[in-house]
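Residues per chain, in single letters:
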Amino acid sequence: MKQGWEIKKLGEVCRFINGRAYSKHELLQQGKYPVLRVGNFFTNNHWYHSDLELDEDKYCDYGDLLYAWSASFGPRIWEGAKVIYHYHIWKVIPNTELITKEFLFQLLKWDTEAIKTAHGTGATMMHVGKNSIETRLVPLPPLPEQQRIVAILDEAFAAIAKAKANAEQNLRNAKELFESYLQNTFKSKIQGEISNAIDNLCELIVDCEHKTAPIQETGYPSIRTPNIGKGTLILDNVNRVSYETYLQWTRRAIPKADDLILAREAPAGNIAVIPENLECCLGQRTVLIRPKKDKLISKYLAYLILSKDVQEKLLLHSTGATVEHINMRDIRAFRIYNLSSIQEQRIIVQKLDALSAETKKLETIFQQKINDLEELKKSILQKAFNGELKASKEVAA
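A few points on the structure. What you are looking at is a predicted structure, and each value in this text was computed from that prediction instead of being measured.

Rules used in this analysis
- Residues numbered from 1 in each chain as written.
- Predicted model: local features only at pLDDT ≥ 70, side-chain atom pairs only at ≥ 80, totals over all residues.
- Heavy atoms only, no water.
- Salt bridge = Lys/Arg side-chain N within 4 Å of Asp/Glu carboxyl O.
- Helix = DSSP H or I, 4+ residues; strand = E, 2+ residues; numbered from the N terminus.
- Buried < 20%, exposed > 50% of the residue type's maximum accessible area, 1.4 Å probe, protein only.
- 1 Å grid on protein atoms, 1.4 Å probe; cavity = no way out; pocket = protein on both sides within 12 Å on 5 of 7 lines; lining within 4 Å.
- Points joined across faces, edges and corners; volume = space filled by probe spheres on them.
- Nonpolar A, V, L, I, M, F, W, Y, C, P; charged D, E, K, R; others polar.
- Pairing = 2+ DSSP bridges.
- Phe/Tyr/Trp six-rings, centres within 6.5 Å; stacked < 30°, edge-to-face > 60°.
- Polar contact = N/O pair within 3.5 Å; in protein donor to acceptor, adjacent residues only side chain to side chain.

## Thoughts on the pattern of salt bridges
No. 1: Under the criterion given, the structure shown has 17 salt bridges.
No. 2: For Arg-251, the salt bridge is made with Glu-209, and the minimal N-O distance between the two is 3.1 Å. You can see Arg-251 sitting in the loop between helix H6 (243-249) and strand S18 (260-263) and its partner Glu-209 sitting in the loop between strand S14 (202-207) and strand S15 (220-223), a full 42 residues away along the chain.
No. 3: On the accessibility criterion, Arg-251 (55% relative accessible area) is exposed.
No. 4: Given the relative accessible area of 7%, Glu-209 is considered buried.
No. 5: A single salt-bridge network, built from bridges that share partners, covers Glu-209, Arg-251 and Arg-252.

Set out below in structure tokens:
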């Protein structure tokens, strides 16, 4: 331990004050006071309100330090107007003779993952008990050193935030460039004089089984909507089924390489090509599409469906309202205008594949930059609370 530092229990340097629990009838869509819950602790979305008048310690106001101890873990310095905070949130009151609010905030941010590992309980929703966190041992430097550390962290994190914002903008730009090219490529396919219904361009369009397949640790992949990306399947953490279930779930049609799987919901409109050497079955809310080889190249149809204008038209109900569920009859009846020849489709797919590959390379670079910046933040915090944090210029280097 660095000279002058101490080890203290959190309960010795601050107080944790619970918010108030609510019954459903006490939460309103509109009311005098917004209610801050763990569900909107970090996002500020989906507010409920209350008209109840409470003790002052059940409100938080601008500048208060809060800590969510259930579901959405972590500290936050409240920057909004006066709100009621929910029972699953603590208002944290520092003992200013021992610790500054700003240092305590950074300390809790650094220590949250360790707090969850050491003190988290609950099978369905992890939470941390008040007694547990009050007895947690933490490093505590003298007040002047706390102020120095916070000043360095503020400067370093501001620089990291700027670099991260640039990387995130570059990531968005890369995605938008591909999406713009995709839209321009297929903008002539949603209207015109000559058209074909998808049903006439495909060998089969088969709906999934409308029940959940029993799963097991190993076996055949069951492709659900989360496994359907934008052109490719996402097989990480895919559900798997037995051979017997696979046979039952493929009795309408056995998915083959180069077939397409379309998500009808959540998110509706995503579509992916089945790669070679993958034996799979359809999960719920999916559709198997097999184009006629002399009419449509599978990947061409996938790119077409993923283009912005086609997505919007596909998700537009006959009433004119946008829907999140695509009906089988709408899929079969969906019309493609000015269909390109097979040779033209092949050239378009080659160009889009090349651009997609380049875009993914850029996305990987920018995403890695974002990940590296997050790791840098963790490293700086680790140094700060090990007593190893030097001047800000050295940290930036």
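Back to the write-up after that little detour.
## A short note on the layout of surface pockets
No. 1: Each pocket or cavity is described by its volume, and for the largest pocket that value is around 690 Å³.
No. 2: In terms of lining, the largest pocket is formed by 20 residues, of which the most central are Pro-75, Lys-109, Trp-110, Lys-377 and Leu-381.
No. 3: Secondary structure elements with two or more residues in the lining of the largest pocket: strand S7 (74-77), helix H2 (101-119) and helix H10 (342-385).
No. 4: There is about 530 Å³ of room inside the second largest pocket.
No. 5: Breaking the lining of the second largest pocket down by element, the ones donating at least two residues are helix H4 (143-186), strand S16 (230-232), helix H7 (298-306), helix H8 (308-314) and H10.
No. 6: It is H4 that contributes the most residues to the lining of the second largest pocket, 6 residues altogether.
No. 7: In terms of residue class, the lining of the second largest pocket is built from 5 nonpolar, 8 polar and 8 charged.

## Some points on the sheet that holds strand S8 (residues 83-85)
No. 1: If you trace the 4 strands from one edge of the open sheet to the other, you get S4-S3-S8-S5, paired in mixed fashion. Looking along the sheet, the strands with just one partner apiece sit at the ends: strand S4 (48-50) and strand S5 (59-60).
No. 2: Two strands pair when backbone bridges link them, and strand S3 (residues 33-36) and S8 are joined in this way by 2 bridges, in the parallel orientation. By the bridge assignment for S8, Leu-36 is matched with Tyr-85.

## Quick notes on the packing of aromatic side chains
No. 1: Applying the stated rule across the entire model yields 14 aromatic pairs.
No. 2: Ring geometry for Phe-16 versus Trp-90: centroids 5.2 Å apart, planes at 65°, classification edge-to-face. Placement of the pair is Phe-16 in strand S2 (residues 14-18) and Trp-90 in strand S9 (residues 89-94), with a sequence separation of 74 residues. Each member of the pair, Phe-16 as well as Trp-90, is classed as buried.

## Some thoughts on the side chain of Thr-100
No. 1: By the secondary structure assignment, Thr-100 is in the loop between S9 and H2.
No. 2: Residue classification places Thr-100 among the buried residues on the basis of a relative accessible area of 15%.
No. 3: At 3.0 Å, the side chain of Thr-100 forms a polar contact with the backbone nitrogen of Phe-103.

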